[in-house]
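Working through the structure, step by step
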Amino acid sequence: MITACRTDRPEASAGAVTTHQVILVREQDAQHSGSGCCGRLGARDSALGGAADFSHSRARMERIGAVYRDLAAAAPELDLIVADPRNLLWLYPTVWRAARRRGLGWAATIRSMARAGAPMAVVCDGDTLYSGRLPATDTVVARVLERIAQD
Amino acid sequence: MPAFFLIVMALVAFYLGYRFYSRYLAEKVYALDPNFRTPAHEMRDGVDFVPTHKHVLLGHHFTSVAGAAPIVGPAIAVYWGWLPALAWVILGTIFAAGVHDLGSIVVSARNRGQNIGTLSGKVISARASTLFLLIIFFLLTLVNAVFGVVMAILFESNPGAVIPALIVIPIAVFIGQWAYRLGRSIIIPSIVGLLLLYIAIPIGQAYPIEVDGLASAIGLEVRTTWILLIFAYTWIASRLPVWILLQPRDYINGQQLIVALFVIFLGVLVGWDTVSAPAVNEVSADSPHWFPYLFITVACGAISGFHSLVASGTTSKQLDKEPEARFVGYGGALGEGALALAAILACTAGLGAAGEWNTAYADFGAASGGALGHFVTGTGHFLSNLGIPATLGATFAAVVVITFAGTTMDTGIRLQRYILAEISELAGFKALSGRVNLLTTLAVLIPLGLALVPGGDDAGGKGFAFGRLWTLFGTTNQLTAGLALSVIAVWVLARNRNPLAAIVPLVFLLFMTTWALLLNLVDFFQKGDWLLLAMDAAIFVLAAWLIVEAVTALNRQRGARDPAAADR
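Residues numbered from 1 in each chain as written. Chains lettered and ligands numbered in written order. Predicted model: local features only at pLDDT ≥ 70, side-chain atom pairs only at ≥ 80, totals over all residues. Heavy atoms only, no water.

Section: the overall build of chain B
- Counting secondary structure elements, chain B contains 24 helices and 0 strands.
- The globule rule puts the C-alpha radius of gyration for 568 residues at 24 Å, and the 23 Å found for chain B is close to it.
- Once the C-alpha set of chain B is aligned to its principal axes, its extents read approximately 70 × 60 × 55 Å.
- In chain B, which comprises 568 residues, the proportion classed as buried is 64%.
- A separation of at least 24 residues holds for 84% of the contacts in chain B among residues at least 6 apart in sequence.
- Looking at chain B as shown, the accessible area adds up to about 18700 Å², and 68% of this sits on carbon and sulfur atoms. (Helix = DSSP H or I, 4+ residues; strand = E, 2+ residues; numbered from the N terminus. Rg over C-alpha atoms; globule rule 2.2 N^0.38 Å. Buried < 20%, exposed > 50% of the residue type's maximum accessible area, 1.4 Å probe, protein only. Contact = heavy atoms within 4.5 Å. Areas by Shrake-Rupley, 256 points an atom, 1.4 Å probe, with all protein chains shown as cover.)

Digging into the sheet that holds strand β4 (residues 79-83) of chain A
Residue and element names in this part refer to chain A.
- One open sheet accounts for 4 strands, arranged β4-β3-β5-β6; its pairing is mixed. Two strands lie at the open edges of the sheet, namely β4 and β6 (127-131), each paired on one side alone. The sheet shows a mean angle of 15° between the axes of neighbouring strands, taken without regard to direction.
- Examined bridge by bridge, strand β3 (residues 21-26) and strand β5 (residues 120-124) share 5 bridges and lie antiparallel to one another. (Pairing = 2+ DSSP bridges. Axes fitted to C-alpha atoms, helices over the stretch in contact; angles between N-to-C directions.)

Observations concerning the nonpolar core
- Counting 211 residues, the largest nonpolar core has Tyr30(B), Phe147(B) and Phe375(B) as the members making the most contacts within it.
- A total of 22 residues in this core trace back to one element, the largest contributor, which is helix α7 (residues 126-157) of chain B.
- Residues contacting Phe147(B), with those up to four places away along its chain left out, are Cys38(A), Ala68(B), Ala69(B), Val72(B), Ala405(B), Thr408(B), Met409(B) and Trp470(B). (Core = buried A, V, L, I, M, F, W, Y, C linked by side-chain atoms within 4.5 Å.)

What to know about the interface of chain A and chain B
- Between chain A and chain B, the contact holds 59 residues from the first and 77 residues from the second.
- Where chain A abuts chain B, roughly 5400 Å² becomes buried across the two surfaces, and 55% of that area is made up of carbon and sulfur atoms.
- Counting every contact that joins chain A to chain B gives 2 salt bridges.
- The residue Arg86(A) makes a salt bridge to Asp250(B) at a minimum N-O spacing of 2.7 Å.
- Put simply, chain A and chain B have 27 residue pairs in polar contact (both at pLDDT 80 or more) between them.
- Those elements giving two or more residues to the side of chain A that touches chain B turn out to be α2 (55-74), β4, α3 (88-102) and α4 (106-116) of chain A.
- Residue contributions to the side of chain A that touches chain B peak at 10 residues, all from α2(A).
- Along the lines of polarity and charge, the residues of the side of chain A that touches chain B split into 23 nonpolar, 19 polar and 17 charged. (Buried area = accessible area lost by both parts, 1.4 Å probe. Salt bridge = Lys/Arg side-chain N within 4 Å of Asp/Glu carboxyl O. Polar contact = N/O pair within 3.5 Å; in protein donor to acceptor, adjacent residues only side chain to side chain. Nonpolar A, V, L, I, M, F, W, Y, C, P; charged D, E, K, R; others polar.)

Quick look at the environment of Glu322(B)
Residue and element names in this part refer to chain B.
- Here Glu322 is to be found in the loop between α14 (307-313) and α15 (324-348).
- Placed 212 residues apart in sequence, Glu322 and Arg110 show a C-alpha to C-alpha distance of 9.2 Å.
- Setting aside its immediate chain neighbours within four residues, Glu322 contacts Ala31, Leu32, Asp33, Phe36, Thr38, Val106 and Arg110.

Describing the pattern of salt bridges
- All chains considered together, the criterion is met by 17 salt bridges over all chains.
- A salt bridge links Arg37(B) to Glu42(B); the nearest nitrogen and oxygen atoms lie 3.3 Å apart.
- Here Glu322(B) ties to Arg110(B) by a salt bridge, and the two come within 2.7 Å at their closest N and O atoms. With Glu322(B) in the loop between α14 and α15 and Arg110(B) in the loop between α5 (82-109) and α6 (116-124), the pair connects residues that are 212 residues apart, well separated along the chain.
- Each of Asp29(A), Arg58(A), Glu62(A) and Asp48(B) takes part in salt bridges that share partners, so that together they form one network.

Points about the packing of aromatic side chains
All names here are of chain B.
- Under the counting rule described, the total for this entry stands at 26 aromatic pairs over all chains.
- Taken together, the ring pairs in this structure connect Trp88, Trp290, Phe291, Phe295, Phe508, Phe511 and Trp515 into an aromatic cluster.
- One Lys or Arg, Lys54, reaches over the ring of Phe327 and ends 4.9 Å from the middle of that ring.
- Note that Arg110 overlies the ring of Phe36, its terminal NZ or CZ placed 3.9 Å from the centroid. (Phe/Tyr/Trp six-rings, centres within 6.5 Å; stacked < 30°, edge-to-face > 60°. Lys NZ or Arg CZ within 6 Å of the ring centre and 35° of its normal.)

With respect to the packing of helix α12 (residues 246-271) of chain B against helix α18 (residues 371-385) of chain B
All names here are of chain B.
- The N-to-C vectors of α12 and α18 enclose an angle of 60°; their axes lie 7 Å apart at closest approach. The pairing of α12 with α18 is recorded here as oblique in orientation. With respect to the hand of their crossing, α12 and α18 are arranged in left-handed fashion. Between α12, through Val263, Ile264, Gly267, Val268, Val270 and Gly271, and α18, the contact on the second element is made entirely by Phe375, Thr379, Phe382, Leu383 and Asn385.
- In the contact of α12 with α18, the residues fall into 7 nonpolar, 4 polar and no charged. (Parallel < 35°, antiparallel > 145°, perpendicular 65-115°, else oblique. Left-handed = near helix turned anticlockwise from the far one by under 90°.)

Set out below in structure tokens:
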């Protein structure tokens, strides 16, 4: 799989490519659908307050943020994406395509998609490595790197 | 004319708008620079500031801005005929919403991801932050009032929707426990939840729930009883932690939005329905004239000020490359326009023959009070084209609107509580700011009072001023958009670029809004609607204040143009 790199390194922006995509799934600390045109609750610095209501989501965002920073430092060539599980139209087709490209069977692909739709998940090239809860950041990063190294 | 042609017409216009006008905006007005280091890179932390693929970001942005208002406004506005409503949705989306949403992202991204409230204080004047707070206060008051009435109307006219609407609550609570307590994947339970919701629709049809007995026992109208029940529910819902009910509903709402848009457009294609509404409706002399009321009746769907809060709250912090703001901001505005288009189709082609349309939209009261009923009936017809019984389809549509409206009210009451706390602190009543139950009660009672305002202009002579409340809501939403457009115009001018793309919709919106507010003032005075008169007068003062702030800021900026600023 060839996808454009999203790191902010100058050489990456100049057109470098990577072969691995890692999606870090976590909910934004804000409301996502149903009322956005006339009221939206949450998100730090969103002008109207409500961010404190989403402290649990905030904790997950920071948890994933630590994984993001460590992965970006350890493997800057990765196509590293942070997505909200409520972003249905993007997340599931993307996991589907990546899983099929990776060669996962139908059952494994569907299982991977189902597990990706958690408040917190880590998906490496279509394979959902963690869903719901994450172990220590070092463990997550090591497993992602190990998975990439296998290919 | 086949409704399909309206879809083609709108989609071609949207395509051309994106292809040419958004390109002009991106290159000449906002001068989007691929080498600009966005806040997502500048402050990259993997938490708030994350460079994000433009397709991911569009998904986040669109679902965050979509709601029920782009359905209600157009459903009322087709009263003046399908042509004015469709023209305003298309032109507003292309020349106002696109400018506003894209501009909000860009200005925020150029200011380290600051939100529009902070930016208005910084770019316009320190007073503008207070103005922003006050506009939002009135906007939320009206949002909660109108959506309370919307839900009551739908429950009263579609008693079959009560069980499905209620069943969403335990489903959402279960999903919340499953995901947030147990830390499990949420997608399967939410899909199962959606299926259960759809299974509940025929059950609701079989066992409709009406509150006539309760209403007569307490001596109130049925709709009044529903309004009281809905606000009581909202008080409780808004006091719960968000992960118990509000947040899990996001999943169900998101899925419902996708399903509803899909089945409406598919139903139109399959059924090849014709538009029964007239292109331009000859309305009676005592009805509000489309000029200026059309432009405040359709706010969301043509332009919505609240989008600037989403654009500057989260989207700008995740923008990977500045030119991608065009795809995300302008694209999100087009998505909202498509939702409004779906509502127009349902209320012009889905209602049946011209005679039925004329009955449904006999006068402005019938149009406004019955708007949701018309959308529901029209959507039910489109679903019947797909082999689903029209009554089930109508209940499906009612449930979509009710769940969106319920979420909006839950959010609105919470936000109103925060704003009341902030205002009470500003006013020196610090003891009030910490009393959550009291603040929640106030946040419920203010819109409840408005929702019960008599006016008698709605369908069935129930005596509520829904249509007038809706137009007042539209004025506050347009003022929020006006404030954001002012910030954008001043920012563009400060960079020595032509600000007309922002100034033209700004002037247009403020002109239409103040004109409508003035007409309302006269109307409310003549009818002795003192509460609405006071509300309208207060919003008019805010509009005048905004005009003064915008003109002052633009003049100040014109006198202080810096030749070197074009590069910033």
